[in-house]
Amino acid sequence: MKCPKCGTECADGVRFCTECGAPITESESSNTNASQAKPEAREAERPAPAAQSGSTAKRPRERRIFGLSRRLALIIAAAAAVIIIVAVAAVVIGNADRSGYTVKTGTYYAAPTAHTLADSHGRLYDLSEYSVNSYIIRPSLDGETAVILGKKDAGDTSGVLLLLSKARLSKIADDVYDCAISDNGAAVAYAVPGDGAGTLYLYNVSKQSASLVSGGMICPSLEDIPILSSFDIFRGMFVLSPDGKSIAFAKKVNEGVRAYVSVKGSEPAPIAVDSYPVALSNNGKYIYFIRHSLSLAAEYNFKFSVAHGDEVRHLSLDAANLGKSLIFNADRTEVVFADDGSTYVSRKGGERRRITSGEINGIVVPGSGAARREEFPALGCRADIYARRSIGGSAYISDGGLYYLNKALEISVITSSYGGSSISSDGKSLYYIDTSAGRSGSCGSVYYLDDVEKNGNKQLVTASIEATSVVAPDKMDGVYVTDLDRTLWFVGKNGKKQKRICDEVSDFGVDRKGGSVYFTSALEDHSTVWYSKRGSKKKAMVKADAAAVASQNFMHSGVFFTFEGTADSGTTVSFCRVLSGKKYEVLLTYAK
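The rules behind the values
Residues numbered from 1 in each chain as written. Predicted model: local features only at pLDDT ≥ 70, side-chain atom pairs only at ≥ 80, totals over all residues. Heavy atoms only, no water. Pairing = 2+ DSSP bridges. Helix = DSSP H or I, 4+ residues; strand = E, 2+ residues; numbered from the N terminus. Axes fitted to C-alpha atoms, helices over the stretch in contact; angles between N-to-C directions. Core = buried A, V, L, I, M, F, W, Y, C linked by side-chain atoms within 4.5 Å. Buried < 20%, exposed > 50% of the residue type's maximum accessible area, 1.4 Å probe, protein only. Contact = heavy atoms within 4.5 Å. Lys, Arg positive; Asp, Glu negative; His and termini not counted. Salt bridge = Lys/Arg side-chain N within 4 Å of Asp/Glu carboxyl O. Polar contact = N/O pair within 3.5 Å; in protein donor to acceptor, adjacent residues only side chain to side chain. Phe/Tyr/Trp six-rings, centres within 6.5 Å; stacked < 30°, edge-to-face > 60°.

1. Observations regarding the pairing of strand β6 (residues 134-139)
Move 1: Pairing geometry for β6 and strand β7 (residues 145-151), over 6 bridges, is antiparallel. Considered in β7, the bridge of Ser134 is made with Lys151.
Move 2: Linkage of β6 to β7, two consecutive antiparallel strands, is achieved through a turn of 5 residues, within which Gly143 is found at a positive phi near 80 degrees.

2. Some details on the sheet that holds strand β29 (residues 394-398)
Move 1: Taking strand neighbours across the sheet as the criterion, the 4 strands line up as β26-β29-β30-β31 in an open arrangement whose pairing is antiparallel. Each edge of the sheet is formed by a strand with only one pairing partner; in this case those strands are β26 (360-363) and β31 (411-415). Recorded for the sheet is a direction-independent mean angle of 35 degrees between the axes of neighbouring strands.
Move 2: By the bridge criterion, 5 bridges tie β29 to strand β30 (residues 401-405) in an arrangement that is antiparallel. Paired with Ala395 across the two strands is Tyr404, which belongs to β30.

3. A short note on the sheet that holds strand β4 (residues 116-119)
Move 1: Strands sit in the order β3-β4-β5 across an open sheet of 3 strands; the sheet is antiparallel. The two strands at the open ends of the sheet, each matched to only one other strand, are β3 (109-113) and β5 (124-126). Looking at each pair of strands side by side, their axes are set apart by 30 degrees on average, direction ignored.
Move 2: The pairing of β3 with β4 spans 3 bridges and is classified as antiparallel. What sits directly across from Ala110, in β4, is Ala118.

4. Quick word on the nonpolar core
Note on soluble globular proteins: their nonpolar side chains tend to be buried together.
Move 1: Ranked by internal contacts, the top residues of the largest apolar core, which has 51 residues, are Leu200, Phe238, Tyr288, Ile290 and Phe304.
Move 2: Contacts of Ile290, omitting those with residues within four sequence positions, involve Asp274, Ser275, Tyr276, Val278, Phe302, Lys303, Phe304, Ala319, Leu322, Leu379 and Cys381.

5. Some words on the side chain of Lys251
Move 1: Looking at where Lys251 falls in the secondary structure, it is placed in strand β15 (residues 246-253).
Move 2: For the buried Lys251, no salt bridge is present, and the opposite-charge side chain at shortest range is Glu267, 7.8 Å distant.
Move 3: For Lys251, the side chain forms a polar contact with the side chain of Ser214, separated by 3.2 Å.
Move 4: Ignoring any residue separated from it by four or fewer positions in sequence, one finds Lys251 in contact with Ser214, Gly215, Gly216, Met217, Gly256, Val257, Arg258 and Tyr260.

6. Some thoughts on the pattern of salt bridges
Move 1: For the structure shown, the criterion picks out 18 salt bridges.
Move 2: Note that Lys171 is salt-bridged to Asp174, the shortest N-O span being 3.0 Å.
Move 3: Look at Lys171 and you get partly exposed, because its relative accessible area is 44%.
Move 4: Its relative accessible area of 45% is what places Asp174 among the partly exposed residues.
Move 5: The salt bridge partner of Arg534 is Asp477, with a shortest N-O separation of 2.9 Å. Of this pair, Arg534 sits in the loop between β41 (528-533) and β42 (539-543) while Asp477 is found in the loop between β35 (458-471) and β36 (478-483), placing the two residues 57 residues apart along the sequence.
Move 6: Taking the relative accessible area as the measure of exposure, Asp477 reaches 33% and is therefore partly exposed.
Move 7: Sharing partners across several salt bridges, the network here consists of Asp183, Arg332, Arg372 and Glu374.

7. Regarding unusual backbone geometry
Move 1: For Ser131, which is not a glycine, the phi torsion comes out positive at approximately 60 degrees.
Move 2: Here Ser131 is to be found in the loop between β5 and β6.
Move 3: Judged by its relative accessible area of 37%, Ser131 falls in the partly exposed class.
Move 4: Of note in this structure, Asp175 is not a glycine but carries a positive phi near 55 degrees.
Move 5: As for its placement among the helices and strands, Asp175 is situated in strand β9 (residues 168-176).
Move 6: With a relative accessible area of 39%, Asp175 lands in the partly exposed category.

8. What to know about the packing of aromatic side chains
Move 1: Taken as a whole, this structure holds 13 aromatic pairs when the rule is applied.
Move 2: Ring plane angle 80 degrees and centroid distance 5.3 Å describe the contact between Phe304 and Phe337, whose orientation is recorded as edge-to-face. Taken together, the residues Phe304 in strand β20 (residues 303-308) and Phe337 in strand β23 (residues 334-339) connect sequence positions 33 residues apart. Neither Phe304 nor Phe337 differs from the other in exposure class; each is buried.
Move 3: Ring geometry for Tyr432 versus Tyr447: centroids 5.6 Å apart, planes at 15 degrees, classification stacked. In this pair, Tyr432 is assigned in strand β33 (residues 430-434) and Tyr447 in strand β34 (residues 444-449), connecting sequence segments 15 residues apart.

The values are spatial; any link to function lies outside them.
This is how it looks when you write it as structure tokens:
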């Protein structure tokens, strides 16, 4: 293949030109191969000569459809099909563009018991057959694939690694102390301890096979690590690219630590000494890492940097001042981070640019927009990954306020006194609480913003309710509100409809699609699960010895609740999923 800069012929697979050093992407090679293959493809596509019929043979009469020739009718039908397909694609793409999210989360997970996993579709997975009594789960962005690190006891340093894919549970490996999954769920990285060092593997989900990446990993068996207050210190030593084909990791080298990267199965190449990767783009194009030594005697050198080709750019010269969250877009070409109280952005490995004097704490995610988090306990920070083309175009929370960051990375204020919000599934509108006039800043008035991007018309919904939380159905035609006295209300978008549903609400969940709310109340001794739709009179769903509705963040696409009953063997707990209205199904019943 040829170098795009100087034209030198280079061997296939090289990343840099041997003559001028310019980077060579895979597209250069694929384009060259494609251009060479075109003549052959055109030759193969040539139709064979039509067979010659005798001059005396009669031509068959052409079939007609609706008065049209068969050929013309087929052409019209094909054209109509193309138009329909294009129209459907336009609707799908248009909806995706409006929210800004390239991936939607279709499956959420919850833990009814220490050895049982449930998903938002009502499927239940029993982990006890793998002797699991405690576990953590790490799903892909869409939630359809997940890895589960299960342990017999919560204090164990390692355990069994399970894969949940296509609603089927299988085992990947035993004795695993850390794991990661790619955004698309195509790959899983995991580490197992060894004699003085761990070993890192990369598991291909579709092929159901693992390959060795590297030895020498920092692991719980090392005795020369001085910080052992928690075994979490050994987590987060490797990160995967979004497509799962590349991996960056930190391993022990001599008396120190060094960061490496392996691109599409290539031999690991060193990045920097005393460094730990925190994010990686596809093909290893952008590698984000923090230089920091775990050794207490090491010289102070704490930087946040990005490597792009042979260039390394320091985004923070003192990473001790970094905020807790490093915010990345889907392909890792953007990072938003706080440094010494101000927030900056870097795009495509470029110089950082200051966007606000405050510190961004998180982005308000609409509907089922996908986001995930990776923790780095040894570094005291985390990576928050949002399935967005750009971080621009997001509403975000910063220093007690709610703001909008447009695509040009310019900021507008929605409210500087933020008490909570509920955003529409397309990210266009939202309800929010303004606490500027509330008691002690713990409650406030509810507003509706019809166009977040334009910071458009802000309409006061209610000032008479001292709101502490808001949750809106997908239709955004009203909002459920709780107040300081734990009273649950439903308020219409224009504020005219304001209905008191129940006092002393203990916990509640909103079916965003159906628009109903489910709750328990201290007035009923937590013995009844109640139901109401947009402020209608409450109705009892379940009466039991005790009941509880899972918190509204338990699962975004459904409502789940538990209730207790009495059996011959003693007290039982039933774990249930709401179907619609007063209909529900019992997923699991177990002894308390």
